[in-house]
Amino acid sequence: MKKIDRLIAWTTFLSGVFIVGSGLRMNHFVKQRLKQVGRSQYTPRVALMVPCKDVDPDFLENMHMLLQQDYPDYEVIFMVPSPEDPCHRHLQTCVANAKVPARIVYGGFSRKRCQKLDNMLAGLDALADSEHQDPAAPRTEVYVWADSDARVPRNWLREMVAPLEDPEVGVSSTYRFYRPIPGRPLSYLLALWTGYQFCHMHMQKIMSVWGGSMAIRRTTFDELKMRQVWDTALSDDCVLHTTVLKAGKRIAFAVPAMTTASSDLSTRDILIFAMRQCIIGKVVLKDIWITSVLSLSLYHLGAGRGLYLAAKSLKNRQPLPPYAWGMLSFLGAGILQALGYLSALKRIENYRQQNGMTEDPLHIQRRWALQGPLAYLFLWWSLLGSVFRKKFSWRAIHYHMKSEYETDVLRYPQALDRVKEREVPAHILRSIHHD
């Protein structure tokens, strides 16, 4: 048993060294990227598309920031299932007061893919239809998407587009930080849980696309036939991620464009979100999911064994075996990694304050890192819960994710019965079939 204990201890210790070291490297990565802000003069015409459904916390504030970007040439397309959606009247107000070109299109409800993709495809088709109707109009060169729950700084669009100047970059993306709510412990775990992937974003093999903030050149999107790929998909970002990598393109992480999101969600919604993310990861990012399940199972079983040995030693008033310290080292590594994540965000916060971008304060407190081990426990629970599941709920719609490119809609709110599938313009259908 001691040999197994020693093996677990060394594995846990070395893994802890890795995650702490990776967090330090990410801090350096963030520092270097912030030094490069503003160097690019690449500002092609952009279509910023925002899929919306229901009213998220801070909805109006988020929409206003998207309409007030420091970018010379862009239009905003809001996509919503139907005029009956609760967010529609808010979007009408936003469009009426917008100082940049803005409009609303209706995605409908197809029942063969996630509703978000109904909206996203509607935005693409509306753009193509406008250009078809007016061939002399300037053509959009870059597609950008933002989730309606994402709060962006005013340089967000410029920094999302800048990496695409490099022809080797297939897509640029960034990440979000859930702003914790004082007095709600689970909101702190959500903030840290979603940050652990951030700590490894300096590595291209782990860098992933996040659908809440992503940009791609139109030519690349067409070459990858992403409209067809998305036709029956459930996860817009994970599918784009794998398609871009298969094409031999890179994914760029736009550090300065980091967004935030409200964690003013019910406990049930947070748990549903965590499970959904893990199930999608299991189907689409299988290698990363398997590695995460196995490694975190080892770490937590090792930490549990270390705590048992510590309690036993305390009870018997005996010194703790050296290998038990190796098992317990994961708890310290979790704290240090969380500290590294929060320190990287603090760099971004300081940069924004120094440049007068105070509209999206992060209010980072490094003492939150003490909850790092609990956040890892939450992540492990979410991964284990996804092992035997392929069904989940997303904005009150229940899905079965059969594969990366196959989705079944199982149940949905009665109000969506009145929402019909959108008709795709004939010239767009001809173009799709021709490709």
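Just so we're clear, the structure is a prediction, and the values are computed from it rather than from any experiment.

Caption draft 1: Just the overall build of the protein, in detail. Assigned secondary structure in the protein consists of 14 helices and twelve strands. Expected size for 435 residues packed as a compact globule is a radius of gyration near 22 Å; at 23 Å, the protein falls within 12% of this value. The C-alpha extent of the protein, read off along each of the three principal axes, is 80 × 50 × 45 Å. Of all 435 residues assigned to the protein, the portion counted as buried reaches 55%. Put simply, 80% of the contacts in the protein that link residues at least 6 apart link residues at least 24 apart. Put simply, the protein shows about 19600 Å² of open surface, and 56% of that area lies on carbon and sulfur atoms.

Caption draft 2: Inspection of the sheet that holds strand S5 (residues 169–173) at higher detail. If you trace the seven strands from one edge of the open sheet to the other, you get S3-S2-S1-S4-S7-S5-S8, paired in mixed fashion. This sheet does not close on itself; its edge strands, each paired only once, are strand S3 (102–106) and strand S8 (250–253). Across the sheet, the mean angle separating the axes of adjacent strands is 25 degrees when strand polarity is ignored. The sheet contact formed by S5 and strand S7 (residues 213–217) spans two bridges and is antiparallel. Bridging across to S7, Ser172 finds its partner in Ala215.

Caption draft 3: The arrangement of the sheet that holds strand S12 (residues 406–411) in detail. As summarised here, the arrangement of the three strands in space is S10-S11-S12, forming an open sheet in which the pairing is antiparallel. The open sheet terminates on both sides in strands that have one partner only, identified here as strand S10 (391–394) and S12. Geometrically, the sheet is characterised by an average inter-axis angle of 35 degrees between neighbouring strands, direction not taken into account. The pairing of strand S11 (residues 397–403) with S12 spans five bridges and is classified as antiparallel. The residue of S12 that forms the bridge with His400 is Asp408.

Caption draft 4: Representation of the packing of helix H10 (residues 267–284) against helix H13 (residues 372–385). At a minimum axis distance of 8 Å, the contact between H10 and H13 shows a crossing angle of 60 degrees. Between H10 and H13, the angle is such that the two are oblique. Here H10 runs over H13; the crossing is right-handed. Note on element contacts: H13 touches H10 through Phe378, Trp381, Ser382, Leu383 and Gly385, opposite Ile270, Leu271, Ala274, Met275 and Cys278.

Caption draft 5: Summary view of helix H6 (residues 185–193). Counting buried positions along H6 gives eight out of nine residues, so the element sits mostly inside the fold. Inspection of H6 places Leu186, Ser187, Tyr188, Leu189, Leu190, Ala191, Leu192 and Trp193 among the buried residues, and these make up the whole buried set. Of the surrounding secondary structure, the elements contacted by the buried residues of H6 are strand S6 (176–179), H10, helix H12 (322–354) and H13.

Caption draft 6: Structural view of the nonpolar core. If you look at the biggest cluster of nonpolar residues, it comprises 100 residues, and the most contacted ones within it are Tyr143, Trp145, Phe177, Phe198, Trp230, Leu240 and Phe253. In contact with Phe253, not counting residues within four places along its chain, are Met26, Phe29, Ser173, Thr174, Tyr175, Phe198, Met201 and Met207.

What counts and how
- Residues numbered from 1 in each chain as written.
- Predicted model: local features only at pLDDT ≥ 70, side-chain atom pairs only at ≥ 80, totals over all residues.
- Heavy atoms only, no water.
- Helix = DSSP H or I, 4+ residues; strand = E, 2+ residues; numbered from the N terminus.
- Rg over C-alpha atoms; globule rule 2.2 N^0.38 Å.
- Buried < 20%, exposed > 50% of the residue type's maximum accessible area, 1.4 Å probe, protein only.
- Contact = heavy atoms within 4.5 Å.
- Areas by Shrake-Rupley, 256 points an atom, 1.4 Å probe, with all protein chains shown as cover.
- Pairing = 2+ DSSP bridges.
- Axes fitted to C-alpha atoms, helices over the stretch in contact; angles between N-to-C directions.
- Parallel < 35°, antiparallel > 145°, perpendicular 65-115°, else oblique.
- Left-handed = near helix turned anticlockwise from the far one by under 90°.
- Core = buried A, V, L, I, M, F, W, Y, C linked by side-chain atoms within 4.5 Å.

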